[in-house]
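Structural description and commentary
Listed below, chain by chain, are the residues.
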Amino acid sequence: MSYPDGSPGWLITRHAEAKELLTHKSFSARQEGIISPVPTELQYDGRAADPGAFAKTDDPIHSQYRKLVTGFFTVRRTRQLAPMIERIVHEQLDDLEKAGPGADLVEVFTESVPSRVMCEMIGVPESERKTLQRHVETLGRLSCTVPEALAAVSGMSGFLSRFVPARMDDPRDDLLGDLIRGGQLNEQELMGMAATLITGAFDTTGNMLAMGVFTLLEHPDQLARLREDPELMAGAVEELLRFLTISHLGASRWALEDVEFAGQAIKKGEVVTVALPAVNRDPERYNNPDQLDIGRTDHGHLALGHGVHQCLGQHLARTILRVGYEALFDRFPTLRLTVPGDEVPMRDDFVHYGPRSLPVTWDD
Amino acid sequence: MRITADREVCCAAGQCALIAPDLFDQSDEDGSVVLLEAQPDAGRLDTLREVVSRCPTGAIRIEEDPGA
């Protein structure tokens, strides 16, 4: 295939090859070689990632940074955050109750929960949250112009250049405070790390939360199964991650050298994109791949990536999704869409797919 | 059957602790793999195969007993 800038590129649609690519030593995640597979004004123009922005680097730099925070995102640590997440979820559901019957679930619930959780983890004041959310959203919009992106980046870095030094003078008992006390990162690196955590957490889980609710409302048989047997929730979250794959523009890597991969000669510098939604519905990997089956046990999806860059916050996301779906359908058992499913406005011009708004109502 | 877990290769993604929490944990310090049971019952082979397949860095390996 051709990338929008005219350079040749490759698309992977098979599950097995996607896993191989994402662990292959000849392919790099470094920002300087990545080209967007879809038209957008935003290109990296060969610039390296900011210090601390580890997601767009390779090992060993990547793992040096990532290891400083992995302890905060283990299965056990993120499960321990469940009471905090439950409190935030229920506060937002209180707001939903007050707003209706009849409200936009995205505005009142799904977009607020993950950003509040991350703000609490790194100590960002609530007053800054919505502004940061707008900046993250701008940068995730494919139609974003260069001036819009520059304004969003300067808004983010303006905030971080006030916030991080203030916390360095007065480290709190939170994730950022621990990083500061660890003493291994300078101010620039702390800013890059905070920006990575904010952008990684805000837009992803919110869209997944909203898309999951939308999907369950559109699959009442599956929702009924879930209500009958709450034990199915963990598997349902995995199945929704697979079925929806909201990172729909995939993961991209570029060849560090001429390499033969999957029977193709790929030249140094060429970019390979994994079509994550296709990979997660690969008929060679899944039975009835296009069917949502919350009882499915063969997960192994790549919705959260694979290889060393596999999503750092994946267990936090799982906990938010589980708590969020459970509490929402528990408190609003008659929840339903107020428009036909195909009239729900979608964010089809964003890096992460999801509903722009989700008009719902319920019986009082 | 014997499990090995390479903490140098591990990227702390936690798939093992998610799938088989009785066999694997993650260190508090950097999330790297902690093996709780190196020689589990043969009945766990399917679960372990899933752990191996989902480990994003190939840090977990199983050595099956000869003839098993």
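Residues numbered from 1 in each chain as written. Chains lettered and ligands numbered in written order. Predicted model: local features only at pLDDT ≥ 70, side-chain atom pairs only at ≥ 80, totals over all residues. Heavy atoms only, no water.

Some details on the overall build of chain A
Under the convention used in this document: Secondary structure elements are defined from DSSP: runs of H or I of at least 4 residues count as helices, runs of E of at least 2 residues count as strands, and each element is numbered from the N terminus. C-alpha atoms define the radius of gyration, and 2.2 Å times the number of residues to the power 0.38 defines the globule rule. For the exposure calls, accessible area comes from a 1.4 Å probe over protein chains only, and a residue counts as buried if that area is under 20% of its type's maximum, exposed if over 50%, partly exposed in between. We call two residues in contact when some of their heavy atoms are within 4.5 Å. Residue burial considers only the protein chains on display, and all accessible areas are found by Shrake-Rupley using a 1.4 Å probe. By the counting rule applied here, Lys and Arg register as positive and Asp and Glu as negative, while His and the ends of each chain are not counted. Every charge is mapped onto a representative atom, which is NZ of Lys, CZ of Arg, CG of Asp or CD of Glu.
Helix and strand content of chain A: 14 helices and nine strands. Computed over the C-alpha atoms, the radius of gyration of chain A is 20 Å, within 12% of the 21 Å expected from 2.2 N^0.38 for a compact globule of 364 residues. Summarising its shape, the C-alpha atoms of chain A cover approximately 60 × 55 × 40 Å along the three principal directions. Within chain A, the proportion of its 364 residues that are buried is 53%. At a minimum sequence separation of 6, the contacts of chain A that also span at least 24 residues come to 73%. Roughly 15700 Å² of accessible area belongs to chain A as shown, and the carbon and sulfur atoms make up 50% of that amount. Here chain A contributes 37 positively and 54 negatively charged side chains, and the mean placements of these two sets differ by 4 Å.

Description of unusual backbone geometry
All names here are of chain A. Of the consecutive residues Asp59 and Pro60, the connecting peptide bond is found in the cis state with omega at 5°. That bond from Gly100 to Pro101 is cis: its omega, 10°, falls within 30 degrees of zero. Counting through the fold element by element, Pro101 comes out in the loop between α4 (82–99) and β3 (103–104). The residue Thr245 is not glycine, and still its phi comes out positive at about 40°. Residue Thr245 is classed as buried on the basis of its relative accessible area, which comes to 1%. Even without being glycine, Ala262 reaches a positive phi, approximately 50°. Here Ala262 shows up in the loop between β5 (259–261) and β6 (264–266).

Describing the sheet that holds strand β2 (residues 27–28) of chain A
Residues and elements named next belong to chain A. The criterion, for reference: At least two DSSP bridges between two strands are needed for those strands to be called paired. Throughout, an axis means a line fitted to C-alpha atoms (over the contacting stretch in the case of helices), and angles, computed between N-to-C directions, take values from 0 to 180 degrees.
The four strands lie next to each other as β1-β7-β4-β2, forming an open sheet whose pairing is mixed. Each having just a single partner strand, β1 (9–12) and β2 make up the two edges of the open sheet. Relative to strand β4 (residues 251–255), β2 is paired through two bridges, and the arrangement is antiparallel. When the bridges of β4 are listed, Phe27 appears paired with Ala255. Lying over the sheet, helix α1 (residues 15–22) contacts β1, β2, β4 and β7 (271–274), oriented at roughly 130° with respect to β7.

Observations regarding the interface of chain A and chain B
Quoted interface sizes are often the accessible area lost when the parts come together. The following threshold applies: The term buried area means the drop in 1.4 Å probe accessible area that two parts suffer when joined, counted for both and summed. Criterion for a salt bridge: a side-chain nitrogen of Lys or Arg within 4 Å of a carboxyl oxygen of Asp or Glu.
Taken together, the 21 residues of chain A in the interface contact 22 residues of chain B. When chain A packs against chain B, the two sides together hide about 1600 Å² of surface, and 43% of this comes from carbon and sulfur. In this assembly, chain A and chain B are joined by two salt bridges. Residues A:Arg76 and B:Asp28 are paired through a salt bridge, measuring 3.0 Å at the closest nitrogen-oxygen approach.

Remarks on the UniProt feature "domain: Divergent 4Fe-4S mono-cluster" (unreviewed entry) in chain B
Note the following rule: UniProt positions are given in the numbering used here, feature names are shortened, and annotations may be inferred rather than shown by experiment.
With numbering aligned to this structure, UniProt lists the feature "domain: Divergent 4Fe-4S mono-cluster" (unreviewed entry) at residues 1–63 of chain B. Within the segment residues 1–63 of chain B, helix and strand shares are 24% and 22% respectively, and the terminal C-alpha atoms sit 6 Å apart.

Some details on the environment of A:Leu223
Residues and elements named next belong to chain A. Within the fold, Leu223 resides in helix α11 (residues 220–228). The class of Leu223 is buried, set by a relative accessible area of 8%. Along the chain, Leu223 and Ile294 lie 71 residues apart, while their C-alpha atoms are 8.8 Å from each other.

A few points about the layout of surface pockets
All names here are of chain A. Applicable threshold: Definitions used throughout: a 1 Å grid over protein atoms alone; a cavity as a set of points that fits a 1.4 Å probe which cannot get out; a pocket as an open set with protein on both sides within 12 Å along at least five of seven lines; a lining residue as one with an atom within 4 Å of a point. Grid points are joined across faces, edges and corners, and a volume is the space filled by probe spheres set on the points. Under the convention adopted here, Pro, Cys and the residues Ala, Val, Leu, Ile, Met, Phe, Trp and Tyr are nonpolar, Asp, Glu, Lys and Arg are charged, and Gly plus all remaining residues are polar.
For the second largest pocket, the calculated volume is near 490 Å³. Around the second largest pocket, the lining is made up of 30 residues, and of these Lys25, Asp59, His62, Val308 and His309 lie nearest the centre. For the lining of the second largest pocket, the elements supplying multiple residues, two or more each, are α1, β2 and α2 (61–70). Element by element, the count of residues in the lining of the second largest pocket is highest for α2, at five residues. The residue makeup of the lining of the second largest pocket, split by class, is twelve nonpolar, ten polar and eight charged.

A closer look at the packing of helix α10 (residues 187–218) of chain A against helix α12 (residues 233–244) of chain A
Residue and element names in this part refer to chain A. Short version of the rule: An angle below 35 degrees is read as roughly parallel, one above 145 as roughly antiparallel, one from 65 to 115 as roughly perpendicular, and any other as oblique.
Contact geometry for α10 and α12: axes closest at 10 Å, N-to-C directions at 95°. The orientation of α10 with respect to α12, classified from their angle, is roughly perpendicular. Mapping the contact onto sequence places Met208, Met211, Gly212, Thr215 and Leu216 in α10 and Leu240, Leu241, Phe243 and Leu244 in α12. Of the residues assigned to the contact of α10 with α12, the class counts are seven nonpolar, two polar and no charged.

As for the packing of helix α7 (residues 126–139) of chain A against helix α8 (residues 146–169) of chain A
All names here are of chain A. Counted only if it meets this: It is the rotation of the near helix from the far one that decides the hand of a crossing: anticlockwise by less than a right angle makes it left-handed, clockwise makes it right-handed.
The interhelical angle for the contact between α7 and α8, taken along N-to-C directions, is 145°, at an axis separation of 9 Å. Between α7 and α8 lies a crossing whose hand is left-handed. Of the residues in α8, those touching α7 at Glu128, Leu132, His135, Thr138 and Leu139 are Glu148, Ala149, Ala152, Val153, Gly155, Met156, Phe159 and Arg162. In terms of residue class, the contact of α7 with α8 is built from seven nonpolar, three polar and three charged.

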